[in-house]
Amino acid sequence: MLESYMISNETNGKFIRKFNEIVYGQDSLDWERLYETINSLHNNLFNKIKNEFPFLSDQEFKTCCLTIARLSNSEIGIILNNSASTVQYRKTYIRKKLGIPHQGNITDFFQVYFNNQSSGDQ
């Protein structure tokens, strides 16, 4: 059903609403459900990011979560109603805020950061 809808409709906003309707039974993404899923799949990672880096904006948190979920810039752009270049710019800005080198991997940064945190606690 989703494949046929994608072929017949080229508007990203309509696509993402239809996707959410089919997958989640609603017309918008349930961010709390997504955060819970990321937390369960990634050892409470979203809560750790939220607590450790409270200076990240809501859009930056969402971008980080979708990046951790391994979505492409185009896919993130569709979900956040941005262009892929806007997502790339936002990721560059996130890297600067977090002190990640240019072109550094955001997901790897968080994994290393929190692995070092837990190693230091023991």
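Located above this text is the structure these notes cover.
What you see is a predicted model; the values in this text were computed from it and never measured.

### Remarks on the environment of Ile 76
Inference 1: Note that Ile 76 resides in helix α6 (residues 73–80).
Inference 2: On the basis of relative accessibility, which here comes to 0%, the residue Ile 76 falls in the buried class.
Inference 3: With 10 residues separating them in the primary sequence, Ile 76 and Leu 66 have C-alpha atoms 6.4 Å apart.
Inference 4: If we skip the residues at most four places from it in the chain, Ile 76 touches Thr 63, Leu 66, Thr 67, Leu 71, Val 87 and Lys 91.

### Quick word on the packing of helix α4 (residues 45–52) against helix α5 (residues 58–68)
Inference 1: In contact at an axis separation of 11 Å, α4 and α5 are set at 150° when each is read in the N-to-C sense. Both α4 and α5 take part in a crossing whose hand is right-handed. Note on element contacts: α5 touches α4 through Phe 61, Cys 65 and Ile 68, opposite Leu 45, Phe 46, Ile 49 and Lys 50.
Inference 2: When its residues are assigned to classes, the contact of α4 with α5 shows 6 nonpolar, no polar and 1 charged.

### A look at the side chain of Thr 63
Inference 1: Along the chain, Thr 63 falls in helix α5.
Inference 2: In contact with Thr 63, not counting residues within four places along its chain, are Ile 76, Leu 80, Arg 90, Lys 91 and Ile 94.

### Thoughts on the pattern of salt bridges
Inference 1: Following the criterion strictly, the structure yields 2 salt bridges and no others.
Inference 2: Note that Lys 62 and Asp 58 form a salt bridge whose closest N and O atoms lie 3.2 Å from each other. Of this pair, Lys 62 and Asp 58 both sit in helix α5, separated by 4 residues, roughly a single helical turn.
Inference 3: In this structure Asp 58 comes out as partly exposed when scored by relative accessible area, which is 46%.
Inference 4: Lys 97 is the salt-bridge partner of Glu 60, the closest N and O atoms lying 2.8 Å from each other. With Glu 60 in helix α5 and Lys 97 in helix α7 (residues 84–98), this residue pair connects regions lying 37 residues apart in the sequence.
Inference 5: We classify Lys 97 as partly exposed; its relative accessible area is 29%.

Here is what the cut-offs are and how they apply
- Residue numbers here run from 1 along each chain, matching the order of that chain's written sequence.
- Side-chain atom pairs in this predicted model are given and counted only at pLDDT of 80 or more, local residue features only at pLDDT of at least 70, and totals for whole chains, interfaces and linings cover all residues.
- Neither water nor hydrogens contribute to the side-chain values; these are computed over all heavy atoms in the structure.
- Only DSSP runs of H or I reaching four residues or more are called helices, and only runs of E reaching two or more are called strands; each is numbered from the N terminus.
- Here the term buried applies to any residue with accessible area under 20% of the maximum for its type, exposed to any over 50%, and partly exposed to those in between, with areas from a 1.4 Å probe on protein chains only.
- Contact definition: two residues touch when any of their heavy atoms are within 4.5 Å.
- Note on geometry: axes are lines fitted to C-alpha atoms, helical ones only across the stretch in contact, with angles between N-to-C directions running from 0 to 180 degrees.
- Should the near helix be turned counterclockwise from the far one by less than a right angle, the crossing is left-handed, whereas a clockwise turn marks it as right-handed.
- The residue classification treats Ala, Val, Leu, Ile, Met, Phe, Trp, Tyr, Cys and Pro as nonpolar and Asp, Glu, Lys and Arg as charged. All others, Gly included, are polar.
- What counts as a salt bridge is simple: a side-chain nitrogen of Lys or Arg found within 4 Å of a carboxyl oxygen of Asp or Glu.

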